[in-house]
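Inside the fold
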Protein chains: 2
Amino acid sequence: MTSGRETAEGESSELKFERSCCPITNVLDTLGDKWTLLVIRDLMLGKKRYHELIASPEKIASNILAERLKKLEVCGLVTRCAYQWKPLRHEYVLTQKGKDLRPVLDAMRRWGREYYPGTMVFATLPPC
Amino acid sequence: MTSGRETAEGESSELKFERSCCPITNVLDTLGDKWTLLVIRDLMLGKKRYHELIASPEKIASNILAERLKKLEVCGLVTRCAYQWKPLRHEYVLTQKGKDLRPVLDAMRRWGREYYPGTMVFATLPPC
DNA sequence: CCGGATCCGGTCTGATACTG
DNA sequence: CAGTATCAGACCGGATCCGG
C-alpha cells in the first residue's frame, strides 16, 4: 500500500496520497475503509445535509462523518457549500468525480444482493 | 455499520457478521478495508501461492496477508488446498463467490484509471 | 529457506462528552 | 444542530520467531 498520509511540520496536517501504478490500489487508498463509500452511497441517495447523513441506519459517529466529509472534499469527490447563514449550515454534494463512482456501488450492490439475499433497501439507487 | 465481530468465550475468537438491510453495507463489512480487495485482485491476476501474493508491490505484511486469507476462506471467497506435502504447502483459489467480485474490481479499475491517469499495470485483468 | 504465528509499539477508530 | 475534543481500545504492520 502506498503510505497514505504524511504530517506536515507544525500543527496543520495535510493529506497527501502517493500514486501507485495500479489503479485499484489508488482507489483503495482513498476509499478503502468501511465508512467512506457508505457516505458516498448516502449522497447518491440524494442526502445532502449533515443531519440526513448522520441519521443513516448504520449509525456513523459524528466525528467519523465529519472527518470523512473533509477527506472527500480534499480528494475532490464532494463539494461543500453554505445553504444558510444564521447559523452557518452546509450542503455536501458529489462532484462528477464522486458521481462517477456509481458503477462501483452498483457492482457492490449487485454482488451483495446475490450473496446476502433478503436485502432490499437501496436495491436501486435513484439517478443522480 | 453492523458490529463486525464478536469474540466467543475462551480464547477461540469466531467471526460473525450481522446482516444489514443494505447490500452495500454488507459488502463493506467483509471487504471494507485496504487489503482484502487487493488480495482478491492478486488472486484474479492468477496468483495462487503465498510467496506470489506477498511479492506484490504493495508490500503487504505477512501477518496481514495470512489473516486476510483466513478471513476470505471463512467468508467463502477463497478455498485453500494443498498442492504439496513435504513440506506442506497450500494454494489459494477464488470460489465463484470470489470470482463474482470481478465487476466490482473492474468498476474500481475504470474509475481509478480515469481519475489517476498514468496507471497502466493491471489495466485489464486476465480472464479467471 | 518458506509459510506462517507471535510480539509489540504506534496509529486509527469510534463512543461519548462537549461547544457555539 | 453541526461539528470538535477526548481517550480507551482495536487494528496495523514491522520485526522476530518457529516448524517443517
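All residue numbers here refer to positions counted from 1 along the written sequence of the relevant chain. For this description, chains carry letters from A and ligands carry numbers from 1, given in the order in which they are written. Per-residue local features of the predicted model are confined to residues with pLDDT of at least 70, and side-chain atom pairs are confined, for both listing and counting, to 80 or more; whole-chain, interface and lining totals are unaffected and use all residues. With hydrogens and water excluded, all non-hydrogen atoms of the structure serve as input to the side-chain values.

**Digging into the overall build of chain A**
The following threshold applies: Strands are runs of DSSP state E lasting at least 2 residues, helices are runs of H or I lasting at least 4, and numbering of each runs from the N terminus. Think of it in three bands: with a 1.4 Å probe and only protein chains considered, a residue is buried below 20% of the maximum accessible area for its type, exposed above 50%, and partly exposed in between. Residue contacts are counted whenever heavy atoms from the two residues lie within 4.5 Å of one another. Note on areas: Shrake-Rupley, 1.4 Å probe, and residue coverage restricted to the protein chains presented here.
Regarding its fold elements, chain A presents six helices and two strands. What you see in chain A, going N to C, is helices and strands ordered as α-α-α-α-β-β-α-α. Burial statistics for chain A: of 128 residues in total, 46% are counted as buried. Within chain A, residue pairs in contact and separated by at least 24 positions form 42% of the contacts whose partners lie at least 6 positions apart. Accessible surface computed for chain A: about 6800 Å², of which carbon and sulfur atoms make up 52%.

**Quick look at the protein's contact with DNA strand C**
The condition that has to hold: Here a residue counts as near a molecule or strand whenever at least one of its heavy atoms sits within 4 Å of it. Side-chain atoms alone can form a polar contact between residues adjacent in sequence; in general such a contact is a pair of N or O atoms within 3.5 Å, and within protein one must be able to donate a hydrogen while the other accepts it. Polarity classes work like this: nonpolar for Ala, Val, Leu, Ile, Met, Phe, Trp, Tyr, Cys and Pro, charged for Asp, Glu, Lys and Arg, and polar for all others, with Gly in that last group.
Around DNA strand C there are 17 residues in total, and Trp-35 and Asn-63 of chain A together with Ser-62, Arg-89 and Tyr-92 of chain B lie nearest to it. In the interface set of DNA strand C, defined as its atoms within 4 Å of the protein, sugar plus phosphate atoms amount to 67%. Between Trp-35 of chain A and DNA strand C, the recorded distance is 2.8 Å, taken from a side-chain N or O atom to a phosphate oxygen. In the environment of DNA strand C, a phosphate oxygen lies 3.2 Å from a nitrogen or oxygen atom belonging to the side chain of His-51 of chain B. Counting residues per element, the ones that place at least two in the surface near DNA strand C are helix H4 (62-74) of chain A together with helix H3 (50-54), helix H4 (62-74) and strand S2 (88-94) of chain B. For the surface near DNA strand C, the element with the most residues is H4 of chain A, which contributes five residues. Split into classes, the residues belonging to the surface near DNA strand C amount to six nonpolar, five polar and six charged.

**Side note on the interface of chain A and chain B**
Applied cut-off: Buried area: the accessible surface (1.4 Å probe) lost by two parts on joining, summed over both. For salt bridges, the criterion is a side-chain nitrogen of Lys or Arg within 4 Å of an Asp or Glu carboxyl oxygen.
Contact with chain A, which involves 44 residues of that partner, is made by 44 residues of chain B. Both sides of the chain A and chain B interface together cover about 4200 Å² of buried area, and 71% of this is carbon and sulfur. Along the contact surface separating chain A from chain B lie zero salt bridges. Taken together, the links from chain A to chain B amount to 14 residue pairs in polar contact (both at pLDDT 80 or more). At the level of secondary structure, the elements contributing two or more residues to the side of chain A that touches chain B comprise helix H1 (23-31), helix H2 (36-44), helix H5 (96-99) and helix H6 (102-115) of chain A. Ranked by residue count, the leading element in the side of chain A that touches chain B is H6 of chain A, at 11 residues. By residue class, the composition of the side of chain A that touches chain B is 24 nonpolar, eight polar and 12 charged.

**What to know about the environment of Lys-47 of chain B**
All names here are of chain B. Inspection of the secondary structure assignment puts Lys-47 in the loop between helix H2 (36-44) and H3. Along the sequence, Lys-47 and Asp-29 sit 18 residues apart, while their C-alpha atoms lie 25 Å from each other. Sequence-distant contacts of Lys-47, defined by excluding residues within four places in its chain, comprise Asp-42, Glu-52, Leu-53, Ser-56 and Tyr-92. Side chain to side chain, Lys-47 and Ser-56 meet in a polar contact 2.9 Å long.

**A short note on the protein's contact with DNA strand D**
Near DNA strand D there are 16 residues, and of these His-51, Ser-62 and Tyr-92 of chain A together with Trp-35 and Asn-63 of chain B occur at the shortest range. Protein-adjacent atoms of DNA strand D, using a 4 Å cutoff, are sugar or phosphate at a proportion of 62%. Between DNA strand D and Tyr-92 of chain A there is a distance of 2.8 Å, counted from a phosphate oxygen to a side-chain nitrogen or oxygen. Within the side chain of Trp-35 of chain B, an N or O atom sits 2.4 Å from a phosphate oxygen of DNA strand D. Only helix H3 (50-54), H4 and strand S2 (88-94) of chain A together with H4 of chain B provide two or more residues apiece to the surface near DNA strand D. A per-element tally of the surface near DNA strand D places H4 of chain B first, with four residues. Tallied by class, the residues present in the surface near DNA strand D amount to five nonpolar, five polar and six charged.

**Description of the pairing of strand S1 (residues 78-85) of chain A**
Residue and element names in this part refer to chain A. The cut-off we apply is this: Here a strand pair is declared whenever DSSP counts at least two bridges between the two strands.
Where S1 lies against S2, seven bridges are found, and the strand directions are antiparallel. Paired with Trp-85 across the strands is Leu-88, a residue of S2. In this structure, the hairpin formed by S1 and S2 is closed by a connection of two residues.

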